[in-house]
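Observations on the three-dimensional arrangement
The lines below spell out each chain.
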Amino acid sequence: MQALLGVIFHSLGGIASGSFYMPFNKVKGWAWESYWIVGGLMSWLIVPPLAAYLTVPGFLDIIAAGSSTIVGFTFLMGLLWGVGGLTYGLGVRYLGMSLGNSVVLGFCAAFGAIVPSIYYNFNPMEGKVSFTDMLGSSGGQIVLLGVLVCLIGIALSGRAGMLKEKELSDEEKKASVLEFNLVKGLIVAVLSGILSSFFSFGIESGKPLADAAVEAGYDHLFANNVTFVVILWGGLVTNLVWTTILSIKNKAYKDFTNKNTPILNNILFSALAGTIWFLQFFFYGMGESKLGSGASSWILHMSTIILTANFWGIYRKEWKGVAKKTKWTIAAGIAVILLSVVLVGIGNSI
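About the cut-offs
- Residues numbered from 1 in each chain as written.
- Predicted model: local features only at pLDDT ≥ 70, side-chain atom pairs only at ≥ 80, totals over all residues.
- Heavy atoms only, no water.
- Core = buried A, V, L, I, M, F, W, Y, C linked by side-chain atoms within 4.5 Å.
- Buried < 20%, exposed > 50% of the residue type's maximum accessible area, 1.4 Å probe, protein only.
- Contact = heavy atoms within 4.5 Å.
- pLDDT = per-residue confidence, 0-100.
- Helix = DSSP H or I, 4+ residues; strand = E, 2+ residues; numbered from the N terminus.
- Phe/Tyr/Trp six-rings, centres within 6.5 Å; stacked < 30°, edge-to-face > 60°.
- Axes fitted to C-alpha atoms, helices over the stretch in contact; angles between N-to-C directions.
- Parallel < 35°, antiparallel > 145°, perpendicular 65-115°, else oblique.
- Left-handed = near helix turned anticlockwise from the far one by under 90°.
- Nonpolar A, V, L, I, M, F, W, Y, C, P; charged D, E, K, R; others polar.

An unreviewed UniProt entry lists the chain under the name L-rhamnose-proton symporter, with Jejuia pallidilutea given as the organism.

Structure (structure tokens):
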């Protein structure tokens with residue numbers, strides 16, 4: 001029953017994340033940095049402490065009482081994840097919802113599932129599975145196979161993007177993805193995927209904060225909300241610094257007083273996108289509390305996002321006008337990535 005609940009919560013988080021970009025499409029006349037920071041202030045500064053207060057009212061006391069090393073390292077993981085979040089937005093901007101999410105989150109799933117186990121090889125912790133443990137067990141080997149299959153799915157998705165690049169004219173590409181740029185998009189997406197996986201490392205490093213919440217008598221289901229506050233503070237700093245620099249450089253701060261744009265609607269849609277963005281972590285934390293940490297939780301979450309984002313990509317007709325071979329290639333890439341989820345789940349259960 002717990003496993004089923006975990007899968008449901010993970011799926012809800014994946015659907016939320018895969019859908020978050022859609023409200024941004026309703027923003028009119030604003031620079032990217034303007035709507036991104038409005039959404040970011042909601043998802044990293046306002047909503048996380050609110051969610052933590054509602055579920056773990058003493059979260060600030062728990063953070064203050066925590067080890068400075070643990071809090072500092074968790075914050076650092078959030079800083080690095082923040083760079084991944086920044087480049088995620090650019091990856092989707094250049095590649096579209098479907099291809100962009102497949103590449104970014106495929107890499108994020110693979111690195112987020114594997115690197116923590118490598119960390120535990122050098123810093124063993126009771127109850128944590130190291131990379132050596134994975135290599136030495138049949139279940140661990142299946143998990144590693146699942147990660148390899150995930151990378152194959154990413155390669156297929158990238159191949160579909162290359163076929164699309166060759167088949168469509170610039171006008172046709174921009175009809176569905178306004179700033180489509182395969183080379184720039186793939187470079188940004190790979191960087192984003194790797195750095196975005198640091199959220200998984202942040203959850204691992206901040207686990208003592210979640211444990212402290214449980215020890216204080218709070219519901220285990222919401223304990224991760226304490227850790228999320230610290231991680232997202234790190235993400236806020238990275239994004240706030242960069243968007244402020246861009247806003248000053250491009251004078252985009254004038255967007256907030258430009259009466260030629262729907263200012264109130266833009267703020268509301270950006271805030272909605274940010275709130276939806278946070279909900280992925282809220283539900284992920286609930287799912288992780290039922291399934292446990294490690295490769296299965298992370299890759300299940302990422303793959304659900306990929307699936308949802310691709311549905312949005314189909315809805316937005318991002319693959320309209322391409323040959324059947326290209327459509328089958330992106331479909332195969334998505335299917336292979338989802339197969340990797342099954343393999344990781346089987347391996348984890350063993």
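Once the structure has been displayed, the description carries forward.
Trp 81, Phe 199, Val 226, Leu 232 and Phe 281 are the most contacted members of the largest nonpolar core, which totals 62 residues. When near neighbours in sequence (up to four residues on either side) are disregarded, Leu 232 contacts Ser 43, Trp 44, Pro 48, Trp 81, Phe 199, Phe 278 and Phe 281.

With that settled, the discussion passes to the confidence of the model for the chain. Counting all residues, the mean pLDDT for the chain is 79, and 78% of those residues have values of 70 or more. Summarising per-element confidence for the chain, the mean pLDDT is lowest in helix α1 (residues 2-19) (47) and highest in helix α4 (residues 59-65) (95). Below a pLDDT of 50 lies the segment residues 1-7, which in the model reaches eight contacts outside its immediate sequence neighbourhood of four places, other chains included. Residue range residues 9-18 is modelled with pLDDT below 50. Its contacts to residues more than four positions away, or to other chains, number 35 contacts.

Let us now look at the packing of aromatic side chains. Here the structure, examined in full by the defined rule, presents 14 aromatic pairs. Pairing Phe 198 with Phe 201 gives two aromatic rings, centres 4.8 Å apart and planes at 70 degrees, and the pair type is edge-to-face. Of this pair, Phe 198 and Phe 201 both sit in helix α11 (residues 198-205), three residues apart, roughly one helical turn. The pair formed by Phe 198 and Phe 201 is uniform in burial state, with each residue classed as buried. Here the aromatic rings of Trp 277 and Phe 281 are separated by 6.2 Å at their centres, their planes lie at 80 degrees, and the arrangement is edge-to-face. One end of the pair, Trp 277, and the other, Phe 281, are both in helix α14 (residues 263-291), four residues apart, so they sit about a helical turn from each other.

Here the focus is the environment of Leu 80. Within the secondary structure, Leu 80 sits in helix α5 (residues 68-95). Through-space distance from the C-alpha of Leu 80 to that of Gly 202 is 9.7 Å; in sequence the pair is 122 residues apart.

This part is about unusual backbone geometry. Even without being a glycine, Lys 251 presents a positive backbone phi close to 55 degrees. Topologically, Lys 251 is positioned in the loop between α13 (224-250) and α14.

What follows concerns α11. Counting buried positions over the eight residues of α11 gives eight, a clear majority of the element. Buried within α11 we find Phe 198, Phe 199, Ser 200, Phe 201, Gly 202, Ile 203, Glu 204 and Ser 205.

For the pair α5 and α13, the least separation of the axes is 7 Å and the interaxial angle reads 45 degrees. In terms of orientation, α5 lies oblique with respect to α13. Judged by the sense of rotation from one axis to the other, the crossing of α5 with α13 is right-handed. Mapping the contact onto sequence places Val 71, Thr 74, Phe 75, Gly 78, Leu 79, Trp 81, Gly 82, Val 83 and Leu 86 in α5 and Thr 227, Val 230, Ile 231, Leu 232, Trp 233, Gly 234, Gly 235, Val 237, Thr 238, Asn 239 and Trp 242 in α13. Residue classes in the contact of α5 with α13 are distributed as 12 nonpolar, eight polar and no charged.

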